[in-house]
Amino acid sequence: MLTRFIVRSFHAAAFLVSFATATTLVKVNGTASHAIPPLLLLQNRAFQKVAPNAAAALYAWSAINGAGIHIISDPSPVSSALPNSLQLTVPRGTSGQVGFGNEGYYGIQVNSEWTYNASFYYKFPAASSFDGQATVTLQSATGEVYASGEVPISGSQTAWKQVAVSLTPRSSPTSTANNFTVTFDGHNAAGQTVDFAMFSLFPPTFKGRANGLRIDVATTLYEMKSSFFRLPGGNNLGQTWATRWQWNATVGPLVDRPGRMGDWGYSNTDGLGLLEYMYLCKDMEMEPIMAVWAGYSLGGGSLSEDELAPYIQIAIDQINFVIGDPATNEHAALRASLGHPDPFHLTYVEIGNEDFFASESYIYRWRDFVGNLTAVFPQLHFIATTYPFNPILNPVPMQYDNHIYSTPDYFVKNAFYYDTYKRDGTSYFQGEYAAISTNAANVFGSDGRLMYPTVQSSVGEAAYMTGFERNADIVFAASYAPLLMNVANYQWASLTASFPSTSLTPALDAQPLQLFSTHRGTEYLPSTLPTYHGTLYWSVTRDTNLHAVFIKVVNYDTAPAPMTFVLPFEVASAGLATVITGPMDASNTPTTPDAVVPMTSAMTFGKTFNYTAPAYSVSALTAYLV
């Protein structure tokens, strides 16, 4: 799950002083203590993981004009990965357009500025004299056609054939209650039976990638200036052994990807596979943090040590697919054959996910995985996923992944969480964190659970984030979780962005994340420490490339907080202040996307200057060095 600033650095001691006055006095040290360097439209499109001949297998699909449609276990499937197909029977005596349609993922956005690429596979189960066309459309739920195209269909085609057509809508309806349809002239096709498989409908994608990302979603993520992407996600590694994420089942042609039942109650097509993840990182200028399945699934149960060998080899193969030499490795050669001969950039590999649930078996699983992976890839850094130093692991992890979901108050009170960690060469990845509830007694219960991030939750998280920068010598990365949510299928309290089929709404917590990322700096400047368990927090960084000083200020209080900053160097009088503030329970939602927006204004600076942080606010002050 994404949107992190990455901070990896060395540690140096600094003397910090706190003051208890009505106006908070912050003295900034001009000597840096440590560096901060950067580091589908169709649903059920391939009938994966559905039971043939069951009505539920047709979800998202519907018959048009009396056509007979059902999902069959095809005796000659389009691929071994996709054993099911949709069989269409056109009744005799039919007239008009007959076929079927797909409603998309909670609707389909139709945009006249886009050209959609549609394709599908078809065959006749027995040779036929039919020779005609299939009409492919984008149309409203009431039948108004916005775009239409035809593909030739031959009854002599008894082996699978892929056909494609481009669709450019004539108008852009406001409603997303639209359908993708495939129909035949009923009179000409009467009595015919045709099998279909692997449908695809794509609008333009981010940077034009085939099988790529939705432009608005990807652009929003790109503009947040995230530094890394954790893939394939945490729980996405698998709830059970049978449904675990398997990298080699997610690469290559879509017809060779079997998909699997996901961990959140719906089928994963794996159309977004390992190669697409790596292109995502490359196109968005992010560093991947890639996980490998390590013998444990969240549903319970660990493999015994004598069962690990084949899965260690699978992990080696996965890494070789990403960074191996095509001249010497078959999996790297597969990557090259798919269009990327050069290795991708990879530094961090995570061994499992949330293995604190199976910490005893992780002792031997960590040892065996890391021992073997290090022998093959000594240049990589391997991240452990148990609680830090509990249990004791060998070899000693140099990186740990921490996860925490709690209340806004918790994150404010734990702004000094990493200050007490030992400086012993171990660094930390805050792999998942979010304020998801206001109910400390039952964070994961429904009472107090947040549907969308609020000003209060976002400001609380920002207070916690100041600790990331202050401890950037040991905290090398942090990522909010989860990243995205389709509002039509709500399952989790908090998110970075939500979207229906038409647009994307960056949630409130995305704003502090972006603010911290774009005001990151290259080195941390020690200053007066905030009050422990207080309500006012700050972090000061300097960017030696931009010749700027960034001061992030977080006020988790109902009253404004006056502050005085004393800098050890001269700065220009003209600078900027970007402020996020609003009522503590305000949220940005698809219906109120701009309830709270960052406001940037001019600000006057000096070697000593005053600033009043608004109630419940996150501020980024930019002063320029002279």
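Rules and cut-offs
Residue numbering note: each chain is counted from 1, following its sequence as written. This being a predicted model, a pLDDT of at least 70 is required before a residue's local features are given, and a value of 80 or more before pairs of side-chain atoms are given or counted; all residues contribute to the totals for chains, interfaces and linings. With hydrogens and water excluded, all non-hydrogen atoms of the structure serve as input to the side-chain values. Going along the chain from the N terminus, every DSSP run of H or I of four or more residues is numbered as a helix, and every run of E of two or more is numbered as a strand. Radius of gyration here is computed from C-alpha atoms only, and the compact-globule reference equals 2.2 Å multiplied by the residue count raised to the power 0.38. When accessible area is computed with a 1.4 Å probe and restricted to protein chains, residues below 20% of their type maximum are described as buried, those above 50% as exposed, and intermediate ones as partly exposed. Residue-level confidence of the predictor is what pLDDT reports, using numbers from 0 through 100. Here, residues are in contact when the closest pair of their heavy atoms is within 4.5 Å. Every case where a carboxyl oxygen of Asp or Glu lies within 4 Å of a side-chain nitrogen of Lys or Arg is listed as a salt bridge. Two strands are said to pair when DSSP picks up at least two bridges between them. Where helices are involved, their axes are fitted lines through C-alpha atoms of the stretch in contact, as for all axes, and angles between N-to-C directions lie from 0 to 180°. Each nonpolar core is a collection of buried residues, namely Ala, Val, Leu, Ile, Met, Phe, Trp, Tyr and Cys, held together in the definition by side-chain atoms within 4.5 Å. By the criterion used throughout, a crossover qualifies as right-handed when its path from the first strand across the helix to the second strand runs clockwise, the strands pointing away from the viewer. Aromatic pairing here means that ring centres of Phe, Tyr or Trp (its six-membered ring) are within 6.5 Å. Orientation follows from the plane angle: under 30 degrees is stacked, over 60 is edge-to-face, and everything else is tilted. Polar contact is the term for a pair of N or O atoms within 3.5 Å; when the atoms are in protein, one must be able to donate a hydrogen and the other to accept it, and sequence-neighboring residues count only if both atoms are side-chain atoms. With respect to orientation, any angle under 35 degrees is reported as roughly parallel, any angle over 145 as roughly antiparallel, any angle of 65 to 115 as roughly perpendicular, and every other angle as oblique. A crossing counts as left-handed when the near helix is turned anticlockwise from the far one by less than a right angle, and as right-handed when that turn is clockwise. Here the term charged refers only to Asp, Glu, Lys and Arg, the term nonpolar to Ala, Val, Leu, Ile, Met, Phe, Trp, Tyr, Cys and Pro, and the term polar to all other amino acids, Gly among them.

Chemist: How should I be thinking about the overall build of the chain in this particular structure?
Modeler: The secondary structure content of the chain amounts to nine helices and 32 strands. Relative to the 2.2 N^0.38 estimate, which gives 25 Å for 626 residues, the radius of gyration of the chain is 27 Å and therefore close to what a compact globule would have. Overall, the C-alpha framework of the chain stretches about 90 × 55 × 45 Å when taken along its three principal axes. Relative to its 626 residues, the chain shows a buried fraction of 58%.

Chemist: Before we go on, may I ask you to explain the confidence of the model for the chain in this structure?
Modeler: The predicted coordinates of low-pLDDT regions are not to be read in fine detail. For the chain, per-residue confidence averages 91 on the pLDDT scale, and residues scoring 70 or more make up 93% of the total. Every residue in residues 1-21 is under pLDDT 50, and counting partners more than four places away or in other chains gives 84 contacts.

Chemist: Even after reading the chapter, I still don't get the pattern of salt bridges, so can you show me in this structure?
Modeler: When their charged atoms lie close together, side chains carrying opposite charge are able to pair. Counted under the stated rule, the structure contains 16 salt bridges. When the shortest N-O distance is used, the salt bridge between D401 and R230 registers 3.6 Å. Taken together, the residues D401 in strand β19 (residues 399-406) and R230 in strand β13 (residues 228-231) connect sequence positions 171 residues apart. Comparing D401 with R230 shows no difference in burial state: the two are buried. Of the charged contacts, one joins K552 and E469 as a salt bridge, the two residues approaching to 3.0 Å between their closest N and O atoms. Of this pair, K552 sits in strand β27 (residues 548-555) while E469 sits in helix α8 (residues 455-470); the two residues are 83 residues apart in sequence, bridging distant segments of the chain. In terms of burial, K552 and E469 fall into one category: buried. Each of R230, E350, D401 and E432 takes part in salt bridges that share partners, so that together they form one network.

Chemist: Is there a simple way to think about the environment of T466 in this case?
Modeler: In this structure, T466 sits in helix α8. Along the chain, T466 and Y537 lie 71 residues apart, while their C-alpha atoms are 7.0 Å from each other.

Chemist: What exactly am I supposed to notice about the sheet that holds β13 here?
Modeler: Note on sheets: strands pair through backbone hydrogen bonds, and any given pair is parallel or antiparallel. Spatial strand order, β13-β16-β17-β18-β19-β20-β21: seven strands in an open sheet with parallel pairing. Here the strands that pair on one side only, and so sit at the sheet edges, are β13 and β21 (475-478). With direction set aside, neighbouring strand axes in the sheet form an average angle of 25°. Each of β13 and β16 (287-292) is contacted by helix α3 (residues 274-283), which is oriented at about 165° to β13, the strand it contacts most.

Chemist: What exactly am I supposed to notice about the sheet that holds strand β6 (residues 97-102) here?
Modeler: With respect to topology, five strands assemble into an open sheet ordered β3-β6-β11-β8-β9, the strand pairing being antiparallel. Each edge of the open sheet is held by one strand with a lone partner, namely β3 (61-64) and β9 (145-154). Adjacent strand axes in the sheet meet at a mean angle of 20°, parallel and antiparallel pairs treated alike. In terms of strand pairing, β6 meets strand β11 (residues 178-185) through six bridges, oriented antiparallel. Within the sheet, the bridge partner assigned to V98 lies in β11 and is F184.

Chemist: Explain the nonpolar core to me, please; I cannot follow it from the model alone.
Modeler: Considering soluble globular proteins, one finds that nonpolar side chains tend to be buried as a cluster. Counting 93 residues, the largest nonpolar core has L274, I319, V322, I351, F369 and Y433 as its most contacted members. For V322, the residues in contact, after removing those within four places along its chain, are L274, M278, M290, R335, P343, F344 and L346.

Chemist: Hey, could you run me through unusual backbone geometry in this one?
Modeler: A negative phi angle characterises most non-glycine residues, just as the trans form characterises most peptide bonds. For the peptide bond that leads from N394 to P395, omega is 5°, which places it in the cis range. Looking at the element boundaries, P395 is found in the loop between β18 (381-384) and β19. The peptide bond linking A481 to P482 adopts the cis configuration, its omega dihedral lying at -5°. Note on placement: P482 falls in the loop between β21 and β22 (484-486). A positive phi angle is found at N211, which is not glycine, with a value near 55°. Assignment of secondary structure puts N211 in the loop between β12 (193-202) and α2 (215-223).

Chemist: Looking at this model, I keep getting lost on the pairing of strand β17 (residues 348-351). Mind explaining?
Modeler: For a regular strand, side chains alternate in direction, first toward one face of the sheet and then toward the other. Alternating residues of β17 divide into Y348 and E350 and V349 and I351, and every residue in both groups is buried. The pairing of β16 with β17 spans four bridges and is classified as parallel. By the bridge assignment, A291 is partnered in β17 with E350. The pairing of β17 with β18 spans three bridges and is classified as parallel. What sits directly across from Y348, in β18, is H381. With helix α6 (residues 359-376) bridging β17 and its parallel neighbour β18, the resulting β-α-β unit is right-handed.

Chemist: So what exactly am I meant to see when it comes to the environment of T505 here?
Modeler: Within the secondary structure, T505 is located in strand β24 (residues 505-506). By relative accessible area, which is 3% here, T505 ends up buried. On a C-alpha basis, the gap between T505 and S337 in space is 37 Å, while along the polypeptide they are 168 residues apart.

Chemist: How do you make sense of the packing of aromatic side chains when you look at a structure like this?
Modeler: Centre distance and the angle of the planes are the two values used to describe a pair of aromatic rings. Tallying each qualifying case throughout the model produces 48 aromatic pairs. Judged by centre distance (5.7 Å) and plane angle (70°), the rings of W61 and F100 are edge-to-face. A residue pair is termed long-range when its members are at least 10 positions apart, and W61 in strand β3 and F100 in strand β6 qualify at 39 residues. Its relative accessible area of 0% is what places F100 among the buried residues. Taking 5.0 Å as the distance between ring centres and 55° as the angle between the ring planes, the aromatic pair formed by Y418 and Y421 counts as tilted. Accessibility classification places Y418 together with Y421 in one group, the buried group.

Chemist: I tried to follow the environment of S166 on my own but got confused; where do I start?
Modeler: Among the structural elements, S166 can be located in strand β10 (residues 161-167). Between the alpha carbons of S166 and F202 there is a distance of 9.6 Å; along the sequence they are 36 residues apart. When near neighbours in sequence (up to four residues on either side) are disregarded, S166 contacts T115, Y116 and N117. Reaching out from S166, the side chain makes a polar contact with the side chain of N117 at a distance of 3.5 Å.

Chemist: Just checking my understanding: could you explain the packing of α3 against helix α4 (residues 309-323) for this structure?
Modeler: Pairs of packed helices are described in terms of their axes, by the angle between the two and the distance that separates them. Following both chains from N to C, one finds α3 and α4 inclined at 45°, their axes separated by 11 Å at the closest point. Between α3 and α4, the crossing angle belongs to the class labelled oblique. As for the relative orientation of α3 and α4, their crossing is right-handed in sense. Contact with α3, carried on its side by L274, L275 and M278, involves Q318, F321 and V322 of α4 and no other residues of that element. Counted by class, the contact of α3 with α4 contains five nonpolar, one polar and no charged residues.

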